[in-house]
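The residues making up each chain are set out below.
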There are 4 protein chains.
Amino acid sequence: MKNTIGNSVAVTLFGESHGEAIGAVIDGLAPGLDINREYIAHMLTLRRPDGRISTPRKEKDEFRIVSGVVNDKTTGTPITILIPNENVQSGDYSQMKTVARPSHADYTAECKYHGFQDSRGGGHFSGRITAALVAAGAICKYALEQKDILIGTHVKRCGGVSDRDFDNLSEDVKDLNEKVFAVLDEEKGEAMREAILQAASEGDSVGGVLETVILGMPEGVGEPWFDSVESMLSHMMFSIPAVKGIEFGAGFDIVDMRGSMANDPMRLEENKVVTTTNNNGGINGGITNGMPIVFRTAIKPTPTIFKPQDTIDFRAMEEAVLSPKGRHDPAIVHRARIVQDAAAAIVMCDALAMRFGTDWLG
Amino acid sequence: MKNTIGNSVAVTLFGESHGEAIGAVIDGLAPGLDINREYIAHMLTLRRPDGRISTPRKEKDEFRIVSGVVNDKTTGTPITILIPNENVQSGDYSQMKTVARPSHADYTAECKYHGFQDSRGGGHFSGRITAALVAAGAICKYALEQKDILIGTHVKRCGGVSDRDFDNLSEDVKDLNEKVFAVLDEEKGEAMREAILQAASEGDSVGGVLETVILGMPEGVGEPWFDSVESMLSHMMFSIPAVKGIEFGAGFDIVDMRGSMANDPMRLEENKVVTTTNNNGGINGGITNGMPIVFRTAIKPTPTIFKPQDTIDFRAMEEAVLSPKGRHDPAIVHRARIVQDAAAAIVMCDALAMRFGTDWLG
Amino acid sequence: MKNTIGNSVAVTLFGESHGEAIGAVIDGLAPGLDINREYIAHMLTLRRPDGRISTPRKEKDEFRIVSGVVNDKTTGTPITILIPNENVQSGDYSQMKTVARPSHADYTAECKYHGFQDSRGGGHFSGRITAALVAAGAICKYALEQKDILIGTHVKRCGGVSDRDFDNLSEDVKDLNEKVFAVLDEEKGEAMREAILQAASEGDSVGGVLETVILGMPEGVGEPWFDSVESMLSHMMFSIPAVKGIEFGAGFDIVDMRGSMANDPMRLEENKVVTTTNNNGGINGGITNGMPIVFRTAIKPTPTIFKPQDTIDFRAMEEAVLSPKGRHDPAIVHRARIVQDAAAAIVMCDALAMRFGTDWLG
Amino acid sequence: MKNTIGNSVAVTLFGESHGEAIGAVIDGLAPGLDINREYIAHMLTLRRPDGRISTPRKEKDEFRIVSGVVNDKTTGTPITILIPNENVQSGDYSQMKTVARPSHADYTAECKYHGFQDSRGGGHFSGRITAALVAAGAICKYALEQKDILIGTHVKRCGGVSDRDFDNLSEDVKDLNEKVFAVLDEEKGEAMREAILQAASEGDSVGGVLETVILGMPEGVGEPWFDSVESMLSHMMFSIPAVKGIEFGAGFDIVDMRGSMANDPMRLEENKVVTTTNNNGGINGGITNGMPIVFRTAIKPTPTIFKPQDTIDFRAMEEAVLSPKGRHDPAIVHRARIVQDAAAAIVMCDALAMRFGTDWLG
């Protein structure tokens, strides 16, 4: 449904990069959930550019909850979060109004909105909007944690450097949630940051892979045929700008396995059904099996670079060369990571409410 | 919405592998579309197991259209397609009723449906149900072709063998639509089939990669934030059993590119905007840009193999060893290919109707 | 969503009056619900024309459940009910193909479907399709009864005659469910039937009012702002052909009351909150309050009459006079009553599943 | 979907009477529509209490559009309207927190939200929220007017006084849109106001009937079975607090007509199909027929009165007597009228976009 996602728990996103405010409405969350403003602020901080390897644009991301919360408890009615835009320098983007930035939405927005789209800073397509998604997801993620459902994401790969695999899942996840640059191996993280800075120094950008785990989801959540947990998660993740792929469990590596290798043997552990491998990423037939849900997304390099690029002016309909100015990230993968956490939390809340009713989280 | 997908064009799937019939209801298609029964039958044939490398289960897949069509034209009201189940040997599956087949939905179905699920042959989770999806998608695919929107899928990789890349897209797509085992390079196809038979001879199975292209989609189709074309397609594709990953354009390979490499330069060709590369797979900001839409899916090896596997009996809650009997495919990737075509066609019809209204296809 | 209604429990309707079959798909019902085929058959019988005051078209309404049910228990996956069409005499309707029957959907269907609609016997707009709605609702109604949620409808008014008001609700409701012509006062019922036959003898038709009560619904069901129980019920009821109005509780009579008269005083009865009047029909702010849900619908007289009527030929675009032949009911209010029961049952199942989760009914 | 309504054009409502702000998000409107702020302000003024017969609570209803609009044109992305709450005197409502106001949502909200609902001034259930619906609807209504689709509502009945019937529809509608107390016959309006003041002087309240006409809707809009125009409009109207009934065309009066009286004869007028009566209110088979859409709603008397009423304290679970204080309307029917206009406009925009695509209004 366009800018609304979810069945039992639905999130509606609105706003433009250089408009008055961005925000989200969350509908369907159980009444009585704790709103932890520090937790929300912390997640917004993790999404925000840090001075060193990201754009200097400094947003305080002061959020305001204007509905659905009384005395820091959810009322059960729609929660509206507003994040005013500050520090806006529209001037920087003047050239971009008609000259398409390659691999951005400038041209497709023109095709769809016939020139009425807000083109300042990417408008409604700006990664900036993910701040509202993070704030909404933070409420969901905190609520899930109260039910011992934990979500964590690390930068699995960036600038040609790979992070180590998960080892002790619950400890690793808790560590990740405290980190600004979320990697399991700090040395790899440092190497990634150097690769990002190297690209930046060349006016270029890099991409990466984000890996998310969700721990503690009960069995039996998800719906055939069309609301499989994989379908719901992928639908959401492809809404995050720059995501070009998603895979669950062994993902694309599974294609070269034999069935005898790929199948996850099952056994009992303290009378709980577990699998000895998790090539299916915690999901069979679209339904959770009680194992950790594991997925990875492919994040493309930031499209805005400081090298001249061939493009077109879609008003004049003539070819052009673009030489961007302004503020841009040489990488967003390390920032997208918290967006992925938040987005996954929203989907889990929806899937749980579909299955167990509105009050289950309460 | 569980077993219904789509906004303006919606498909509802029903049925079980060993029930009386499977089928689909397609709602929202324009009135006056031609129903080409040979075309539908042809696509059903392509999904069907061939004697050589697939299960000998022979379904004639006689379909009946019981509503929504008069004189082989769509009426504009719901089209219901029924495919009776034949040649059912429930006996083969007796053991599986309580002993979970690893990496199948047996255990998760038990968690969700508390033992009331139809466990015969996978019941509602059976790949058999995709026959109904293919029939529904065949109507959509044929309608799209009348508008010069072409869809084709090839087995990009199987059993460790890779097919060649697309060369002349429209010719390649037309060729693929005639092939039983859809590859661009027949020698590679033969090698794949040998790999499948080799695995089969060892009681094992293989997976693969399917690559789909969609040609001729107009620009400006798709919706931020949550109904991006990528979101809609991935939501649908993860409903197909065995799909564990999806990637668009350069997909996961984009993560190691620099922005200057990954960005698709734009230029004018006969006053039409084109890009000189297509790393974004025809989609920017979730909206079509007029270039071919390209995506690949990861298909896991058929989980049913003829080797003993550790598993559990979920009624007795005790560990067990499974030694399957019955009829099974050593690979389904070559059959899933036509399912992917059909599924993509349904999503394109929906996206077009959302954008241009119900009658656009008519 | 066009021919699908419901959030957590969704029903999709398909078929045409003179097509091969009509039917419904019910998705989202809990697994393990009993399917009582006699109960379904009984409700279908109550919808069927009786020889005396209704069209002689005799449908056996043999229904087949082709998916979602094993051993007469719901599996939790989509339930598909098929009702083959029999005794079809398309010839009777030949004239109607281009000459619009006043107050029927002939002309509006032409506007929407551009001549591709199935015009035989009203096609997809035929009251015949309600048989599928009744079969689907019968499953829901039976499931609700197992939870002591009872639904009953009587002909409150027909042919200028009014039935008595409800007295002992639960007894009255049980009685109604056994009756072919559902009135609380048999003498009034006889007078209504005479009025119908009188109209019939003059080639004319009559309408009426249907009053439905729903007993035993728990408090706190329904959603502000847009999924109020009144919104959900009215959305459904206006899908029933011939319904032109709906009112809850005191309905339109409330407009001449003072607030002091209209308000329902509250008190405690065995520590349960009750109201001493029920002018709000069991719903406040769109949410159930535990009192009986009461609503009435206005059913227009059957539009097909045997008097010449001014109309138009929408193909020739010229004025015409229509003199119908064939089989028609002088009234459908007494048959619509069971459709209203069934439709209400579907909405209640959906509202309960939205609130308490998929398994609540199980 | 709870607090979101609409398919192609969707509106999400949020906020509480005494919270920081109320508002609405409108998604799916075509790009390039004019935003007429005076028009929006005018409609908000018409909803606002006037000093004489309504609560003295004075809201300036200063609205802010924080997204989706640039240079007073819609961008095509979500439009968010915020209306800050002012002049809030929560103290007035202290007693109401646990003592249910009869015929209000206090008790049902407690049942659903377990005490976490915002009970100040009715919270999310307050008629106050309709200001946001009016602002959203004003944008839709203005857009429809640019397409010569006009909507008007008058107080058909109030305090036992009935307004005259529509005479010259388009002139009457234009007049109504200028009036604070919308009646066609000013003398009847004066009599209604006197009846309201009389009730007020007795600490009581009155209800009424609102009649809406929609002119200029094209034929062929609306969907069988479940998105009939009647279903969509009634779903919306029952979301408006105090609405207890809705009827289309002749409505409940049709039940005592014979078919020969009730049917609308058809003829040609300047080669356009018209009906000589409009007992079906412009809708056949759920689809518009090109005649004016006519419907009436039953508005119950304001539940808050200044007489002692028997009720319960739902926390203490004991009986109580309520003697309200504070600010209340002796009638809201004259204010609800503009809400009904706005709500109808939203539904028409949605129905048109479903039928003709997103850009049709643009």
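**A word on the overall build of chain A**
Here is step 1: Each helix and strand in chain A was counted, giving eight helices and 18 strands.
Here is step 2: At 21 Å, chain A has a C-alpha radius of gyration in line with the 21 Å of a compact globule built from 362 residues.
Here is step 3: Accessible area for chain A stands at about 10500 Å²; split by element, carbon and sulfur atoms hold 50% of it.
Here is step 4: For chain A, the centre of its 37 positive side-chain charges and the centre of its 50 negative side-chain charges are spaced 3 Å apart.

**Side note on the environment of Tyr-142 of chain C**
Residues and elements named next belong to chain C.
Here is step 1: Note on placement: Tyr-142 falls in helix H3 (residues 130-146).
Here is step 2: Along the primary structure Tyr-142 and Ile-283 are separated by 141 residues, whereas in three dimensions their C-alpha atoms are 23 Å apart.
Here is step 3: With residues up to four places along the chain from it excluded, the contact list for Tyr-142 reads Asp-34, Asn-36 and Tyr-39.

**What to know about the interface of chain A and chain B**
Here is step 1: Facing the 104 residues of chain A at the interface are 104 residues of chain B.
Here is step 2: At the boundary of chain A with chain B, total buried surface from both sides reaches about 8400 Å², with 59% on carbon and sulfur atoms.
Here is step 3: For chain A, the biggest contributors to the area lost against chain B are Trp-225, Phe-226 and Lys-244 of chain A; these three give 12% of the whole.
Here is step 4: Inspection of the chain A/chain B interface yields 10 salt bridges.
Here is step 5: When the shortest N-O distance is used, the salt bridge between Glu-230 of chain A and Lys-244 of chain B registers 2.8 Å.
Here is step 6: Residue contributions to the side of chain A that touches chain B peak at six residues, all from strand E11 (residues 243-248) of chain A.

**Examining the side chain of Lys-141 of chain B**
Residues and elements named next belong to chain B.
Here is step 1: With respect to the helices and strands, Lys-141 occurs in helix H3 (residues 130-146).
Here is step 2: One polar contact links the side chain of Lys-141 to the main-chain carbonyl oxygen of Ile-151, over a distance of 3.4 Å.
Here is step 3: When near neighbours in sequence (up to four residues on either side) are disregarded, Lys-141 contacts Tyr-39, Met-43, Ile-151, Asn-177, Asp-341 and Ala-345.

**Concerning the relation of the copies chain A and chain D**
Here is step 1: The two copies are related by a screw motion: chain A maps onto chain D through a turn of 180° and a shift of 0.0 Å along the axis, at an RMSD of 0.0 Å. Those values place the two copies in the arrangement expected of a two-fold rotation axis.

**Points about the interface of chain A and chain D**
Interfaces are often described in size by the accessible area the parts lose on coming together.
Here is step 1: Chain A puts 43 residues into the contact, and the matching count from chain D is 43 residues.
Here is step 2: In total, about 3300 Å² of surface goes out of reach between chain A and chain D, with carbon and sulfur atoms giving 60% of it.
Here is step 3: Connecting chain A to chain D are two salt bridges.
Here is step 4: With a closest N to O distance of 2.4 Å, Glu-20 of chain A and Arg-64 of chain D form a salt bridge.
Here is step 5: Our enumeration of links across chain A and chain D arrives at 12 residue pairs in polar contact (both at pLDDT 80 or more).
Here is step 6: When contributions to the side of chain A that touches chain D are tallied by element, the ones reaching two or more residues are strand E2 (10-15), strand E3 (21-27), strand E4 (64-67), strand E6 (73-74), strand E7 (79-84) and helix H2 (106-113) of chain A.
Here is step 7: For the side of chain A that touches chain D, the leading source of residues is E2 of chain A, giving five residues.
Here is step 8: Here the side of chain A that touches chain D is built from residues that sort into 14 nonpolar, 19 polar and 10 charged.

**Let's talk about the sheet that holds strand E11 (residues 243-248) of chain B**
Here is step 1: Judged by pairing direction, the sheet is antiparallel, and its 10 strands sit side by side in the order E9(A)-E8(A)-E10(A)-E16(A)-E11(A)-E11(B)-E16(B)-E10(B)-E8(B)-E9(B) without closing on themselves. If you trace the sheet from one side to the other, it starts and ends with strand E9 (161-162) of chain A together with strand E9 (161-162) of chain B, each paired once.
Here is step 2: Here helix H6 (residues 229-237) of chain B sits on the sheet and contacts E11 of chain A together with E11 and strand E16 (293-299) of chain B; the angle it forms with E11 of chain B, its principal contact strand, is near 160°.

**Overview of the confidence of the model for chain A**
Regions with low pLDDT should not have their predicted coordinates read in detail.
Here is step 1: Mean pLDDT over chain A works out to 93, with 94% of the residues at or above the 70 mark.
Here is step 2: Across the whole predicted complex the pTM is 0.97, and at the interface the ipTM reaches 0.96.

**Brief notes about helix H4 (residues 169-176) of chain B**
Residue and element names in this part refer to chain B.
Here is step 1: Of all the positions in H4, only Asp-172, Val-173 and Leu-176 are classed as buried. Burial along H4 is one-sided: seen end-on, the buried residues are contained in an arc of 100°. Across H4 from its buried face, at more than 90 degrees, point the exposed residues Glu-171 and Lys-174.
Here is step 2: Turning to H4, the residues buried within the fold contact strand E8 (150-158), strand E10 (208-215) and helix H8 (333-356).
Here is step 3: With a side-chain oxygen positioned 3.3 Å from the backbone nitrogen of Ser-170, the residue opening H4 is Asn-168.

**Structural notes on the pattern of salt bridges**
Here is step 1: One pass over the structure, following the stated rule, counts 92 salt bridges over all chains.
Here is step 2: Linking Lys-112 of chain B and Glu-223 of chain A is a salt bridge whose minimum nitrogen-to-oxygen distance equals 2.9 Å. With one member in each of two chains, Lys-112 of chain B in helix H2 (residues 106-113) and Glu-223 of chain A in the loop between strand E10 (208-215) and helix H6 (229-237) form a pair that bridges those chains.
Here is step 3: Taking relative accessible area as the criterion, Lys-112 of chain B reaches 3% and is therefore assigned buried.
Here is step 4: Note that Lys-179 of chain D and Glu-186 of chain D form a salt bridge whose closest N and O atoms lie 3.0 Å from each other.
Here is step 5: For Glu-186 of chain D, a relative accessible area of 40% translates into the label partly exposed.

**Looking at the packing of aromatic side chains**
Here is step 1: Scanning all chains against the criterion turns up 22 aromatic pairs over all chains.
Here is step 2: Relative to Trp-360 of chain C, the ring of Phe-356 of chain C has its centre 5.5 Å away and its plane inclined at 25°; by these criteria the two rings are stacked.
Here is step 3: Of the residues examined, Phe-356 of chain C reaches a relative accessible area of 26% and is grouped as partly exposed.
Here is step 4: The exposure class assigned to Trp-360 of chain C is partly exposed, which follows from its relative accessible area of 26%.
Here is step 5: In this structure an aromatic cluster arises from ring pairing among Phe-238 of chain A together with Phe-248 and Phe-295 of chain B.
Here is step 6: Seen from the ring of Phe-181 of chain C, Arg-193 of chain C lies directly overhead, with NZ or CZ sitting 4.9 Å from the centre.

**A closer look at the relation of the copies chain A and chain B**
Here is step 1: Between chain A and chain B, the superposition needs a rotation of 180° and an axial shift of 0.0 Å, giving an RMSD of 0.0 Å.
Here is step 2: When the interface residues of chain A are mapped onto chain B, 100% of them are again interface residues, pointing to one common binding face.

**Looking at the environment of Leu-133 of chain C**
Here is step 1: Structurally, the position occupied by Leu-133 of chain C is in helix H3.
Here is step 2: For the pair Leu-133 of chain C and Ile-240 of chain C, spaced 107 residues apart in sequence, the C-alpha separation works out to 9.4 Å.
Here is step 3: When residues no more than four places from it in sequence are discounted, the contact partners of Leu-133 of chain C are Val-11, Leu-13, Val-339, Ala-342, Ala-343 and Ile-346 of chain C together with Phe-226 of chain D.

**Here we look at the packing of helix H1 (residues 37-47) of chain C against helix H8 (residues 333-356) of chain C**
All names here are of chain C.
Here is step 1: Look at H1 against H8: their axes get within 7 Å of each other, and the N-to-C directions meet at 140°. Here H1 is positioned oblique relative to H8, judged by the angle of their axes. Residues Met-43, Leu-46 and Arg-47 of H1 touch H8, and the partners they reach there are Arg-335, Arg-337, Ile-338, Val-339, Asp-341 and Ala-342.
Here is step 2: Partitioned by chemical class, the residues of the contact of H1 with H8 number five nonpolar, no polar and four charged.

**Remarks on a negative patch on the surface**
Here is step 1: On the surface, Asp-167, Glu-171, Asp-175 and Glu-178 of chain A cluster together into a negatively charged patch.
Here is step 2: Along the polypeptide, Glu-171 of chain A turns up in helix H4 (residues 169-176).

**A few points about the packing of helix H3 (residues 130-145) of chain A against helix H8 (residues 333-356) of chain A**
Helix-helix packing is described using two parameters, namely the angle between the two axes and the distance between the axes.
Residue and element names in this part refer to chain A.
Here is step 1: Here H3 crosses H8 at 55°, and the two axes come no closer than 7 Å. Comparing their axes, H8 and H3 come out oblique. For the crossing formed where H3 meets H8, the hand is left-handed. Across from Thr-130, Leu-133, Val-134, Ala-136, Gly-137, Ala-138, Cys-140, Lys-141 and Leu-144 in H3, the residues of H8 making contact are Ile-338, Val-339, Asp-341, Ala-342, Ala-343, Ala-345, Ile-346, Met-348, Cys-349 and Leu-352.
Here is step 2: Grouping the amino acids of the contact of H3 with H8 by side-chain chemistry returns 15 nonpolar, two polar and two charged.

**Points about the sheet that holds strand E7 (residues 79-84) of chain C**
Residues and elements named next belong to chain C.
Here is step 1: Here we have five strands laid out as an open sheet, ordered E1-E2-E3-E7-E4, and antiparallel in their pairing. Across the chains shown, the open sheet's two edge strands, defined by having one partner strand only, are strand E1 (4-5) and strand E4 (64-67).
Here is step 2: Where strand E2 (residues 10-15) and strand E3 (residues 21-27) come together, six bridges link them in antiparallel fashion. Residue pairing in the sheet places Phe-14 in a bridge with Gly-23 of E3.

Reading the values: the criteria
- Residues numbered from 1 in each chain as written.
- Chains lettered and ligands numbered in written order.
- Predicted model: local features only at pLDDT ≥ 70, side-chain atom pairs only at ≥ 80, totals over all residues.
- Heavy atoms only, no water.
- Helix = DSSP H or I, 4+ residues; strand = E, 2+ residues; numbered from the N terminus.
- Rg over C-alpha atoms; globule rule 2.2 N^0.38 Å.
- Areas by Shrake-Rupley, 256 points an atom, 1.4 Å probe, with all protein chains shown as cover.
- Lys, Arg positive; Asp, Glu negative; His and termini not counted.
- Charge placed at Lys NZ, Arg CZ, Asp CG, Glu CD.
- Contact = heavy atoms within 4.5 Å.
- Buried area = accessible area lost by both parts, 1.4 Å probe.
- Salt bridge = Lys/Arg side-chain N within 4 Å of Asp/Glu carboxyl O.
- Polar contact = N/O pair within 3.5 Å; in protein donor to acceptor, adjacent residues only side chain to side chain.
- Least-squares fit on C-alpha atoms with pLDDT ≥ 70 in both.
- Nonpolar A, V, L, I, M, F, W, Y, C, P; charged D, E, K, R; others polar.
- Pairing = 2+ DSSP bridges.
- Axes fitted to C-alpha atoms, helices over the stretch in contact; angles between N-to-C directions.
- pLDDT = per-residue confidence, 0-100.
- Buried < 20%, exposed > 50% of the residue type's maximum accessible area, 1.4 Å probe, protein only.
- Arc of directions from axis to C-beta.
- Phe/Tyr/Trp six-rings, centres within 6.5 Å; stacked < 30°, edge-to-face > 60°.
- Lys NZ or Arg CZ within 6 Å of the ring centre and 35° of its normal.
- Parallel < 35°, antiparallel > 145°, perpendicular 65-115°, else oblique.
- Patch = residues over 30% accessible without salt bridge, like charges linked within 9 Å, V, L, I, M, F, W, Y side chains within 5 Å.
- Left-handed = near helix turned anticlockwise from the far one by under 90°.

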